[in-house]
Amino acid sequence: MFVADMEKKRKIAYKKVIDAINLHGGTTILSTGITGDDARLAKAVVDAGIKLIEPNHPAVALARGFKGVTNMHAAEEIRHEIPMEEMIKVTKGIRSVVGKDIFITVGVPGGFCEIVPTELPDEVFLQLSREGADGLHIHKASLKDLEEVVNKAHKYGLLVDAYIGHPDDLHTFGLPAGTPEEVSKVAKDMENIGVDFIGLMTGMSYEGAEAGEIHPIVKERLQALVESVKVPTLAEGGINLSNYKAFANTGVNIVVVGTAIDDAVRKAAQDVVKQFII
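The numbering scheme is per chain: residues are counted from 1 as the chain's sequence reads. Selection of residues for local features in this predicted model requires a pLDDT of at least 70, selection of side-chain atom pairs for listing and counting requires 80 or more, and totals for whole chains, interfaces and linings are taken over all residues. Hydrogens are left out, water is left out, and the side-chain values use all remaining heavy atoms of the structure.

K.L.:
Honestly, the environment of V255 in this entry has me stumped. Any pointers?
P.N.:
Relative to the assigned elements, V255 resides in strand 9 (residues 254-257). C-alpha of V255 to C-alpha of T27: the two residues are 228 residues apart in sequence and 7.1 Å apart in space. Setting aside residues no more than four positions away along its own chain, V255 makes contact with T27, T28, I29, L30, A235, I239 and F247. Only DSSP runs of H or I reaching four residues or more are called helices, and only runs of E reaching two or more are called strands; each is numbered from the N terminus. The contact criterion used throughout is that any non-hydrogen atoms of two residues lie within 4.5 Å.

Dropping the structure here:
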């Protein structure tokens, strides 16, 4: 793959993210979940002002009712079985309706800490890049594995957003770091191997965090991340309308919202149907 060409592609993608952060006053929103699986809803949130979208394989498993899953916890157990071709089709479809200026990062089988061996061959990086992906949404649990993904992604013009998790999290969604000091160290290690955007998992209940202010421990961990690296930062997990302003006030650049939007769409559909039935 031509190095200069792929560097140019990454620079264009990176500018999309920086422009979104600046446009929204230093903290922007990345929309995931149902808005990354359904092209109609992807267009709806883009029309409302969203600049960053994330399709991912556990959400696609849930959206397709793959193997009968009806909640995200169950989807996490079989996410690796989603055919790679499905994620490529989803990426192509979302890109076709949102246009070229929206940043799309994609979570794929093998990109997370999977429970069975799941390969990520070069062909996958190439196809995703060609079908409209700007980046890969990665949740690897070791620095060595993450570095391998980063090198391959960059080779094919893709950026990487990767995450730091807590060792006690329900699901393994990133490099483990228990204390703010450990978060700082791990974040610097990630930056040193070339991760383009570094995120912190802030809760994976899927039912949402407590309303209002974020927990002091989470805030300390986020501050450690934000103060440790120069690359843009993300917060993901349990973020909703009641607490998102508290997250934005930490200085994090990108707030990832999924379940809160999913729940709102589901409730809106139920409310409309109930009116018709009545």
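We are not done yet, so read on.
K.L.:
How should I be thinking about the pattern of salt bridges in this particular structure?
P.N.:
A pair can form between side chains of opposite charge whenever their charged atoms are brought close. Here, a salt bridge means any Lys or Arg side-chain nitrogen found within 4 Å of an Asp or Glu carboxyl oxygen. Following the criterion strictly, the structure yields 16 salt bridges and no others. Residues D38 and R40 are paired through a salt bridge, measuring 2.7 Å at the closest nitrogen-oxygen approach. Of the charged contacts in the structure, one is a salt bridge between K155 and D122, with a shortest N-O distance of 3.4 Å. One end of the pair, K155, is in helix 7 (residues 143-155); the other, D122, is in helix 6 (residues 122-130), and 33 residues separate them in sequence. Taking relative accessible area as the criterion, K155 reaches 39% and is therefore assigned partly exposed. Salt bridges sharing partners connect three or more residues here, namely K16, R95 and D134. Three labels apply to residues, based on accessible area from a 1.4 Å probe with only protein chains included: buried if under 20% of the type maximum, exposed if over 50%, partly exposed otherwise in between.

K.L.:
Just checking my understanding: could you explain unusual backbone geometry for this structure?
P.N.:
With glycine set apart, most residues show a phi of negative sign, and most peptide bonds adopt trans. With a phi angle near 55°, K67 is a residue other than glycine that sits in the positive phi range. Looking at the secondary structure, you find K67 in the loop between helix 3 (57-64) and helix 4 (72-78). Note on K67: relative accessible area 58%, which makes it exposed.

K.L.:
Quick question: what am I supposed to make of the environment of E86 here?
P.N.:
Structurally, E86 can be placed in helix 5 (residues 84-98). Taking the C-alpha atoms as reference points, E86 and M6, separated by 80 residues in sequence, lie 24 Å from one another. Apart from the residues lying within four places of it in its own chain, the contact partners of E86 are V60 and R64. Distance and chemistry together define a polar contact, namely a pair of N or O atoms within 3.5 Å, with one atom able to donate a hydrogen and the other to accept it when in protein, and with adjacent residues in sequence counting only for side-chain atoms on both sides. Of the polar contacts made by the side chain of E86, one reaches the side chain of R64; its length is 2.9 Å.

K.L.:
Mind showing me how you'd approach the pairing of strand 4 (residues 135-138) here?
P.N.:
Within a regular beta strand, the side chains point alternately toward one face of the sheet and then the other, so they alternate between its two faces. Of the two faces of strand 4, both are covered, the one formed by G135 and H137 as well as the one formed by L136 and I138. As defined by bridge partners, strand 3 (residues 103-106) adjoins strand 4 across two bridges and the pair is classed as parallel. Considered in strand 4, the bridge of V106 is made with L136. On the question of chirality, the crossover connecting strand 3 to the parallel strand 4 by way of helix 6 is right-handed. For two strands to pair, DSSP has to find at least two bridges joining them. Of the pairings in the sheet, the one linking strand 4 to strand 5 (residues 159-165) comprises four bridges and is parallel in character. Of the residues in strand 5, the one forming a bridge with I138 is A162. We call a crossover right-handed when, viewed with both strands directed away from the observer, the connection leading from the first strand over the helix to the second proceeds clockwise. Handedness of the crossover is the feature at issue here: the chain leaves strand 4, passes through helix 7, returns alongside strand 5, and the resulting connection is right-handed.

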